[in-house]
Amino acid sequence: MKSITSLHGKVETVGVRRTESADAPDINSLITPSTADVFGRVHVIYLLEQANLAVTLTNTSNELLAHAAFLNHPNVDFVDQACWEPWFCEQFGADKCTPLNTLFMHLFVALPEFSILHKLGECVHLCRLFPEPALAELFEPLACLQDPESPCSAFVCLRHNHVPRLHIRRARVEDHDDLTPILAEHASMLNASYGPYFLADLIEAQDEDHHAAVSQDEGTAVGFISASAEVNLKLLSQCFELAPFDRLCKPAPEGPTEMEPGLDIAALPQEPDADSLSDQEVAWRRDALKNKYRHMREGTGNLLSAPISLCATYRAGQGAPPAPVTTSPSPAHVPDARHSFFLSPSVFIHRSVDFLPYMFALFPDRDFCVISVPMMVPEFPLLKRFLRVTPRPASSLPHELYICHRSSLLTCVRPPPSSTQHHDSHGTPLQAFVAVVQEQVVGTAIIRNEEDIEYIRSHYNIESFIYFSHHQREDHGQLSHFALNPIFQYYARHFLGEALRLGHKSCLYYPIYPPHQIIKNGFNASAHSLTWALGCMVPVRPRRQIVYPLEELGINAPPAQVSKEEVPYALNHFSRKLTMEPKLTINSRIVVVGASDTGMSFLEVLSFCPHLRFNNLILISTHGFPDSGINENMRFLSTSHSYSAQDHAQLSLRSRVHVVAGKIISIDRAAKHVVVSGGCQVAYDHLVLCTGQQYQVPCPTGVDISQQVTNSDAEVQRSQWYRWPVPSNLLTLNDNHDCQIAYHWLLENFIDGEGNVVIYGNSIDAYTCVEALLCMGVSGSRIHLVHLPTDSPGSCFNNPTVERAVTEALNKRGVTVYENCLLAQVNDGQDPEPITAVSFTTNKEALRMECSVFMNFSRKGVDHDTFRVLNDACLVYDGGLIIDTAFLTNDPAIRAAGPLTKFARRYYADSWEHAHFNSKEVGQALAAALLPLFDPTLEPTSNLPEGMDRLVLIYADAKIQGGKLPGGYSYLQVAKPAICMPLVAQPSPAKHGQEMVTGSIEAGKYFCLYVNQHGVVESITCLSLKPIPVSNYLCLYGKHEQLLNRLCDRFDEGLIHDFYSYFKEPWCLAVYHDRFADFEEEVRQIMESAKVQLVQKVLNEEAVSENPKIYLKNIFQKSDSITTLKKSMLNYLNYNRYHLTMYAQPGLI
């Protein structure tokens, strides 16, 4: 913010920000006839969609004072946007104006008393082609060389006239007084990082290998930099992937041009994690990378064959100066690095790049400059010219390494004026572009026309970034390949922007297919190469799709481009608006332990922040990234419907999250790292524990069943841990990886045999396991389902009808079910490897049975190894890991969420554990609590009043479970999150709501829906022999019955006989739409406004003679609110027409 004085003498505090679409009405109000004379007729929204940069001047009340929009081509119709350079040079002799340093003003509007100030990064020239009186003092005319009488005039505003380049010179001792105030701002941090030092001594100690320089403004030193040629290459090579830069060593003159065989895929930033890919995909990706680097080396010639032995090491900081590069044992590995740093006041920090040419001149034999920055220090402007080097997985160095090549300071990076056009095998047009520096090719990009844009619009939320209607079909392109020399990575965003300009595109899309789909479906591996452009693009969230009853809809069904099934992929987006909108880089190491629904939801929120780039998101999971490539035969477990295989494919978190496969074995809170099985250390700045609960191996009671004991005689210690080797045929399934292993083991060792399988447990997973075994071909007579004693009557379904259906199905298939059994002995107390017999105590007689496989679903709890890790780390554990309402443990650097946790006793909320709520919603709340630490657009949580900080957050999303049950039933239960209560203890629905049931289990169409006393759907239970449209029915939860076409009245009148058919009717499909919640909110706001108007009218009336309800209804129908509601509804249907084709609209009938 800055205070300025208008031409009328009015003092305003103003600020410059990016223009938003919501500013369009205010911009239109500033457009005058003279504006149209200069810039022509302007469609503001369209211009904002196409502008490379649009900025707005506002005051403290957010009132718009001025606006300017800039594009990378002139605002004239007679010059092609791809060919303006030769025309502009011939017409005005401006040979120094290039797409890299020039923007053209396409609109400027302002209140008469205000003008605008721009900060445009590397842009040197601002041009406009027509006179604008308000800018006469800022823009200088360019002489027209071709036709002086031409109506087209050009005016230029040079950056250095308003933001002059800083003068850089050698530091002198007398600069000490000017620099002291700058250092004083960070004195405490400097002393902590470097220890006591004297700046004057540092300046005097300069020699051939150590230099110091200052930036000077009007004779005053305003910035300081110190550099050293002494760099520990061995340490850097151990901690960072330097293979793409020849490990910063000068290659032999006759050396090979191929990449070194040892190059790891992880050396490339912004790439999918190599550990999460299959061997086949890793092989072809590695070959593609080798070929890419070989061609880039051959094309760059001297640029890459220059001496590369390392040059200056800078230390930089805006809010807090960084620490020197050191190893954990000793700081002596980097000689004199403690003196290398950079400081500049914030007013000059954006010109810090002016230091680089001077410092490279001081080290003429060095081609690279490296900067080591502590991870917790925010990225400052100087680092924008540097490339971040990917750290090695085993690196524990708490620093990020940035690297800059002297050739990257060249300002002549440009694509050639034309591109090559081809067609692929399907006839789709292709455009190929290359980036050229000093006649050498340093990058390439291949773009194809996006022929499937209707599918993208309907399946991905691209309208969060663009106004779709303001982009023509031919404006959309798909990025197939992108490669750029790493030393010019700074220009990646500019290269993409130029490809858009030269290709006459406005939007680019880049799909990422999951590895298992590439191999399974036989995709061409070279169809899309790995790209570093992901760092410039924004991830696009997938949209929830309606499950359409296509047969019932007939000709009213949506078009095939919308409803067709395609291989799912993740989508990334780039547009002209993003060419000058860099992301905020977050280098803090955020380590998530556990690939549970809570942990994945947390990572999803952070990964999909479009303006943030988290470089160090790490997931530690026992089996790596959740395997979503299993088939239906492997589904032994129930599902929460939080993340399906399609969800994982469309999110592609593996492309933004580093995965460490292993189990955490210790936490070092002092050193802030965790140790993973195998000895790997993973350092963290923020540790998030989301391990959840797993089925634990049951511990036999050890009683001798020959003594005729019962359950009452057995001493049960439910918290006892099984401490012995687990038998090979005792299968405990907790995730998809376990299911895959169990499936293949059963095929090899059990299916063709004659032995029995014992399934031990009461949960829904025990029933889904039975169904999976039956589907594998196991005879029901070989399956024994053993239930444990429970504290309450009823089953896990909490619904007698579902329980009866499952019991009948088990009896029909010959499955034997045993109740109230406790595991007493394995192999009669002998060696349990392998299990051949198991014994149980019951409430009556003891039970012994032979078995070949024992499948365990007995008890869920915190894993013993996890508990030991938490206990050894001195984290408070009291039946669960203790957290507060901000998810913090007793260590401020460690947070936790999910079933692993429990609230501290001071909250008096022992019953409201996270296990009772939707895990995905809990993960989102966890991310919301952490994001204010990094996102400057979010306000940090303020201190709550005393007592209010003890309020526990209650979640609203439904608790969901489903799966395939015996009898071939598809099962779905959606219920309000609450403390689990047995059916017999629940209040009568007649007193607290209405329970509506249609269908029967015999017909395989059972549907139970519960509406509470407020008319809101609170519970849904489905049991069907046909597939259930789960995503549709989840939308019913929380909806009022009036919204569902007067559901209760129709049911009471006998008009609804089958809920499955009722919720297939076309009227209901709009409720399933992913944007229906936004429409509801809009209607709610309209009704709130209508209430205020009604109250005012009633207060103005002296007396009301008729029924008040009828009177209010009549007033409402005569008001403007009813018209507004109808308009809002029609707009909703019209805007989402491609999804909701079954609804009639005005003009279509």
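Computed from a predicted model, the values in this text were never measured in an experiment. (Residues numbered from 1 in each chain as written. Predicted model: local features only at pLDDT ≥ 70, side-chain atom pairs only at ≥ 80, totals over all residues. Heavy atoms only, no water.)

**Student:** Looking at this structure, how should I read the overall build of the protein chain?
**Tutor:** Broken down by element type, the protein chain carries 30 helices and 50 strands. A buried classification covers 53% of the 1149 residues belonging to the protein chain. As displayed, the protein chain has an accessible area near 51900 Å², and 52% of this comes from carbon and sulfur atoms. (Helix = DSSP H or I, 4+ residues; strand = E, 2+ residues; numbered from the N terminus. Buried < 20%, exposed > 50% of the residue type's maximum accessible area, 1.4 Å probe, protein only. Areas by Shrake-Rupley, 256 points an atom, 1.4 Å probe, with all protein chains shown as cover.)

**Student:** What is the right way to read the environment of Val-786 from this model?
**Tutor:** Considering the arrangement of structural elements, one finds Val-786 in strand S36 (residues 783-786). When its relative accessible area of 0% is taken as the criterion, Val-786 is described as buried. Separated by 37 residues in sequence, Val-786 and Leu-823 have C-alpha atoms that sit 9.6 Å apart. Ignoring sequence-local partners within four residues, the contact set of Val-786 consists of Val-758, Ile-759, Tyr-760, Gly-761, Tyr-818, Cys-821, Phe-840 and Met-849. (Contact = heavy atoms within 4.5 Å.)

**Student:** Got a minute to help me understand the nonpolar core in this structure?
**Tutor:** The nonpolar side chains of a soluble globular protein tend to be buried, and buried together. Counting residues in each nonpolar core, the largest one holds 63 residues, and the members touching the most others are Ile-590, Phe-602, Phe-614, Ile-620, Ile-667, Leu-687 and Leu-689. If we ignore the near neighbours within four places in the chain, the residues touching Phe-614 are Ile-586, Ile-590, Leu-606, Arg-656, Leu-931 and Phe-934. By size, the runner-up hydrophobic cluster in this structure holds 58 residues, among which are Tyr-460, Leu-502, Cys-536 and Val-538. (Core = buried A, V, L, I, M, F, W, Y, C linked by side-chain atoms within 4.5 Å.)

**Student:** So what exactly am I meant to see when it comes to the packing of aromatic side chains here?
**Tutor:** Aromatic rings in a pair are described by how distant their centres are and how their planes are angled relative to each other. As enumerated under the stated definition, the model contains 37 aromatic pairs in all. Judged by centre distance (5.3 Å) and plane angle (75°), the rings of Tyr-722 and Trp-724 are edge-to-face. Judged by centre distance (5.8 Å) and plane angle (15°), the ring pair of Phe-1051 and Phe-1059 falls under stacked. Judged by its relative accessible area of 0%, Phe-1059 is buried. An aromatic cluster is defined as three or more aromatic residues linked by ring pairs; in this entry it consists of Phe-1007, Tyr-1033, Phe-1051, Phe-1059, Tyr-1060, Tyr-1062, Phe-1063 and Trp-1067. When the ring centre of Phe-750 is taken as origin, the NZ or CZ atom of Arg-782, which lies over that ring, is 4.3 Å away. (Phe/Tyr/Trp six-rings, centres within 6.5 Å; stacked < 30°, edge-to-face > 60°. Lys NZ or Arg CZ within 6 Å of the ring centre and 35° of its normal.)

**Student:** Would you explain the pattern of salt bridges in this entry?
**Tutor:** Oppositely charged side chains are able to pair whenever their charged atoms sit close together. Throughout the structure, instances matching the rule amount to 37 salt bridges. Notably, a salt bridge pairs Arg-473 with Glu-451, separated by 3.8 Å at the nearest N-O pair. Taken as a pair, Arg-473 in the loop between helix H12 (453-459) and strand S20 (476-484) and Glu-451 in the loop between strand S19 (440-449) and H12 lie far apart in primary sequence, 22 residues in all. Here the salt bridges share partners, and the residues they tie into one network are Arg-165, Arg-351 and Asp-354. (Salt bridge = Lys/Arg side-chain N within 4 Å of Asp/Glu carboxyl O.)

**Student:** What is the right way to read the side chain of Arg-366 from this model?
**Tutor:** With respect to the helices and strands, Arg-366 occurs in the loop between helix H11 (355-362) and strand S14 (368-374). In terms of polar contacts, Arg-366 uses its side chain to reach the backbone carbonyl oxygen of Ala-229, at 3.5 Å. A distance of 3.4 Å separates a polar atom in the side chain of Arg-366 from a polar atom in the side chain of Asp-365. (Polar contact = N/O pair within 3.5 Å; in protein donor to acceptor, adjacent residues only side chain to side chain.)

**Student:** Hey, could you run me through the sheet that holds strand S28 (residues 658-661) in this one?
**Tutor:** Overall, parallel pairing links the five strands, which are arranged S28-S27-S25-S32-S44 in an open sheet. Lying at the two open borders of the sheet, with one neighbouring strand each, are S28 and strand S44 (894-896). Neighbour-to-neighbour, the strand axes of the sheet open up by a mean angle of 20°, direction not taken into account. In the sheet, strand S25 (residues 590-593) pairs with strand S27 (residues 617-621) via four bridges, with the strands oriented parallel. Bridge assignment links Ile-590 to a residue of S27, and that residue is Leu-617. Along the sheet face, helix H23 (residues 919-930) touches S25, strand S32 (686-689) and S44 and points at about 155° away from the line of S44. (Pairing = 2+ DSSP bridges. Axes fitted to C-alpha atoms, helices over the stretch in contact; angles between N-to-C directions.)

**Student:** Hey, could you run me through helix H20 (residues 764-775) in this one?
**Tutor:** Every α-helical turn comprises 3.6 residues, leaving residues that sit three or four positions apart pointing alike. With twelve residues, H20 ought to run about 16 Å at 1.5 Å a step, and its terminal C-alpha atoms sit 17 Å apart, in line with that. Of all twelve residues making up H20, eleven are buried, and the element is well covered by its neighbours. All of the buried residues in H20 are Ile-764, Asp-765, Ala-766, Tyr-767, Thr-768, Cys-769, Val-770, Glu-771, Ala-772, Leu-773 and Leu-774. The positive-phi residue at the C-terminal boundary of H20 is Gly-777, with phi of around 105°. (Expected span 1.5 Å × (residues − 1).)

**Student:** Whenever I open this one, unusual backbone geometry confuses me. Can you help?
**Tutor:** For residues besides glycine, phi is generally negative; the peptide bonds are generally trans as well. Cis rather than trans, the peptide bond between Glu-833 and Pro-834 has omega equal to -10°. Within the element layout of this structure, Pro-834 appears in the loop between strand S38 (822-826) and strand S39 (837-841). Positive phi is not limited to glycine here, since Asn-62 has a value of about 60°. Its place among the elements puts Asn-62 in the loop between strand S3 (53-59) and strand S4 (64-71). In the Ramachandran plot, His-504 falls in the positive-phi region, its phi being about 55° despite a non-glycine side chain.

**Student:** How should helix H19 (residues 736-749) be read in this particular structure?
**Tutor:** With 14 residues, H19 extends 20 Å from end C-alpha to end C-alpha; this agrees with the ideal 20 Å at 1.5 Å per step. Residues Asp-738, Cys-739, Gln-740, Ala-742, Tyr-743 and Leu-746 constitute the buried set of H19. Taken together, the buried residues of H19 touch strand S34 (730-732), H20 and strand S41 (853-857). Sitting at the head of H19, Asp-735 places a side-chain oxygen 3.2 Å from the backbone nitrogen of His-737.

**Student:** Is there a simple way to explain the sheet that holds strand S50 (residues 1017-1024) in this structure?
**Tutor:** For sheets, the rule is that strands pair by backbone hydrogen bonds, running either parallel or antiparallel. Reading across the sheet, the five strands line up as S46-S47-S50-S49-S48 and stay open at both edges, with antiparallel pairing between neighbours. In this open sheet, the two strands that pair with only one neighbour each are strand S46 (959-965) and strand S48 (993-998). Taken over all neighbouring pairs, the strand axes of this sheet differ in orientation by 10° on average, direction set aside. Sheet topology note: the S48/strand S49 (residues 1005-1012) ladder contains six bridges and is antiparallel. Following the sheet pairing, Met-996 is matched in S49 by Leu-1009. In the packing of H20 onto the sheet, the strands contacted are S46 and strand S47 (969-975), and the crossing angle to S46 comes to about 25°. Across the sheet, helix H21 (residues 800-813) touches S46, S47, S49 and S50, and the angle it forms with S50 is around 15°.

**Student:** What should I look at first to understand the pairing of S50 in this one?
**Tutor:** Successive residues of a regular strand alternate their side chains across the two faces of the sheet. Counting buried residues in S50 gives eight out of eight residues, a clear majority hidden from the surface. Where S47 and S50 come together, six bridges link them in antiparallel fashion. Following the sheet pairing, Leu-972 is matched in S50 by Cys-1022. Here S49 pairs with S50 via seven bridges, running antiparallel.

**Student:** How should I be thinking about the packing of helix H17 (residues 597-607) against H23 in this particular structure?
**Tutor:** How two helices pack is summed up by the angle between their axes together with the distance between the axes. As a packed pair, H17 and H23 sit with axes 7 Å apart at the nearest point and diverge in direction by 45°. Considered as vectors, H17 and H23 are oriented oblique to each other. The two elements H17 and H23 meet at a crossing, and its hand is right-handed. Facing Asp-597, Thr-598, Ser-601, Phe-602, Glu-604, Val-605 and Leu-606 of H17, the residues of H23 in contact are Ser-919, Lys-920, Val-922, Gly-923, Gln-924, Leu-926, Ala-927 and Leu-930. (Parallel < 35°, antiparallel > 145°, perpendicular 65-115°, else oblique. Left-handed = near helix turned anticlockwise from the far one by under 90°.)

**Student:** What should I look at first to understand the confidence of the model for the protein chain in this one?
**Tutor:** A low pLDDT score tells you not to read the predicted coordinates there in detail. With 81% of its residues at a pLDDT of 70 or more, the protein chain shows a mean pLDDT of 82. Here residues 288-339 is modelled with pLDDT under 50, and outside its nearest four sequence neighbours on either side it reaches 169 contacts, counting other chains as well. The low-confidence segment residues 519-523 (pLDDT under 50) makes eight contacts with residues lying over four places distant or belonging to another chain. (pLDDT = per-residue confidence, 0-100.)

**Student:** Got a minute to help me understand the side chain of Asn-616 in this structure?
**Tutor:** Among the structural elements, Asn-616 can be located in the loop between strand S26 (612-614) and S27. Since its relative accessible area comes to 5%, Asn-616 is described here as buried. Separated by 3.2 Å, the side chains of Asn-616 and Arg-388 make a polar contact. Setting aside anything within four residues of it in sequence, one finds Asn-616 in contact with Met-375, Arg-388, Pro-391, Glu-400, Ile-586, Asn-587, Ser-588, Arg-589 and Ile-590.

**Student:** Explain the environment of Gly-692 here, please?
**Tutor:** Considering the arrangement of structural elements, one finds Gly-692 in the loop between S32 and strand S33 (694-695). The exposure class of Gly-692 is buried, given its relative accessible area of 7%. For the pair Gly-692 and Thr-866, spaced 174 residues apart in sequence, the C-alpha to C-alpha distance is 9.9 Å. Setting aside residues no more than four positions away along its own chain, Gly-692 makes contact with Val-862, Pro-899 and Leu-900.

**Student:** What is the right way to read the environment of Gly-93 from this model?
**Tutor:** For Gly-93, the location among the structural elements is in the loop between helix H4 (84-92) and strand S5 (102-110). The class for Gly-93 is partly exposed, based on a relative accessible area of 36%. Along the backbone, Gly-93 and Cys-144 are 51 residues apart, and their C-alpha atoms lie at a distance of 7.8 Å. If we ignore the near neighbours within four places in the chain, the residues touching Gly-93 are Phe-88 and Leu-145.

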